[in-house]
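Take a look at the letters that make up each chain.
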Amino acid sequence: MKRNCSLTPRQALAVYALLCTATLGIALIFTLRGAWMVLAFALIETTAVGAALLHYCRHALDHERIRLQEGCLLVERADGTRHLEVKLDPSHARVSLPDAGIRTLVLIEARGVRVEIGRFLTPSARLELVSALRRALGGASLLYTAPGRPL
């Protein structure tokens, strides 16, 4: 699961370079004609746009991953420069969605360790994630049974 971004960081840098070139080029023309305040405001504008694009680029690659490996349920979450990796015991993992609210995240809990995921999903996609995780854990978890397998 990843953030829905229309530009990669490289594309955002190219757009910023084009914007700076155009803005500062026009500002230099006005400065040569005696309107030096235009250059000052152009510098403020390009700095503000640069700060906004820097924030965008830092979070453009945010993601959440869930992997069910042999004996391990691995949950990875990248948020800007922070990276979280949690290993859970799939035989004791419990997947729940406390309510169907817009901001409610999917909760995975095993042996006292809790992880919330699904920040980039819609509420309906979170419900699908819960059912898919429960199906996937059916073979590994003691809490969920696979279809046709007795308790």
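No experiment lies behind these values; they were computed from the predicted model shown. (Residues numbered from 1 in each chain as written. Predicted model: local features only at pLDDT ≥ 70, side-chain atom pairs only at ≥ 80, totals over all residues. Heavy atoms only, no water.)

A. Structural context of the nonpolar core. L88, V95, V106, I108 and I117 are the most contacted members of the largest nonpolar core, which has 16 residues in total. The element that contributes the greatest number of residues to this core is helix α3 (residues 123-137), accounting for 4 residues. (Core = buried A, V, L, I, M, F, W, Y, C linked by side-chain atoms within 4.5 Å. Buried < 20%, exposed > 50% of the residue type's maximum accessible area, 1.4 Å probe, protein only. Helix = DSSP H or I, 4+ residues; strand = E, 2+ residues; numbered from the N terminus.)

B. A look at the environment of R126. Inspection of the secondary structure assignment puts R126 in helix α3. As a C-alpha pair, R126 and L97 span 29 residues in sequence and 8.0 Å in three-dimensional space. Those residues in contact with R126 that sit more than four places away from it in its chain are L97, G101, I102, R103, T104, L105, V106, G118, R119 and L121. Engagement of the side chain of R126 in a polar contact is seen with the backbone oxygen of T104, the distance being 3.0 Å. (Contact = heavy atoms within 4.5 Å. Polar contact = N/O pair within 3.5 Å; in protein donor to acceptor, adjacent residues only side chain to side chain.)

C. Helix α2 (residues 36-59), seen in detail. Taking 1.5 Å of rise per residue, the 24 residues of α2 would be expected to cover 34 Å, and the 36 Å separating its terminal C-alpha atoms lies within 8% of that figure. Elements in contact with the buried residues of α2: α1 (9-32) and β2 (72-79). (Expected span 1.5 Å × (residues − 1).)

D. Summary view of the environment of L61. Note that L61 resides in the loop between α2 and β1 (63-69). The class for L61 is exposed, based on a relative accessible area of 62%. Considering only alpha carbons, one finds L61 and R3, 58 residues apart in sequence, at a separation of 7.0 Å.

E. Layout of a nonpolar patch on the surface. A grouping of W36, M37, F41 and I44 is seen on the molecular surface, where their side chains present a nonpolar patch of about 490 Å² in accessible area. The topology assignment puts F41 in helix α2. (Patch = residues over 30% accessible without salt bridge, like charges linked within 9 Å, V, L, I, M, F, W, Y side chains within 5 Å. Areas by Shrake-Rupley, 256 points an atom, 1.4 Å probe, with all protein chains shown as cover. Salt bridge = Lys/Arg side-chain N within 4 Å of Asp/Glu carboxyl O.)

F. Structural detail: the pattern of salt bridges. One pass over the full model with this rule turns up 7 salt bridges. The partner of R67 in a salt bridge is E76, with the nearest N and O atoms 2.7 Å apart. What makes R67 partly exposed here is its relative accessible area of 36%. Using a relative accessible area of 8% as the deciding quantity, one classes E76 as buried. Between R114 and E109 there is a salt bridge; the shortest N-O distance is 4.0 Å. Overall, R114 belongs to the exposed group, its relative accessible area being 54%. For E109, a relative accessible area of 27% corresponds to the partly exposed category. A cluster of three or more residues bridged by salt bridges with shared partners is formed by E64, D79, R82 and R119.

Any link to function would need more than the numbers given here.
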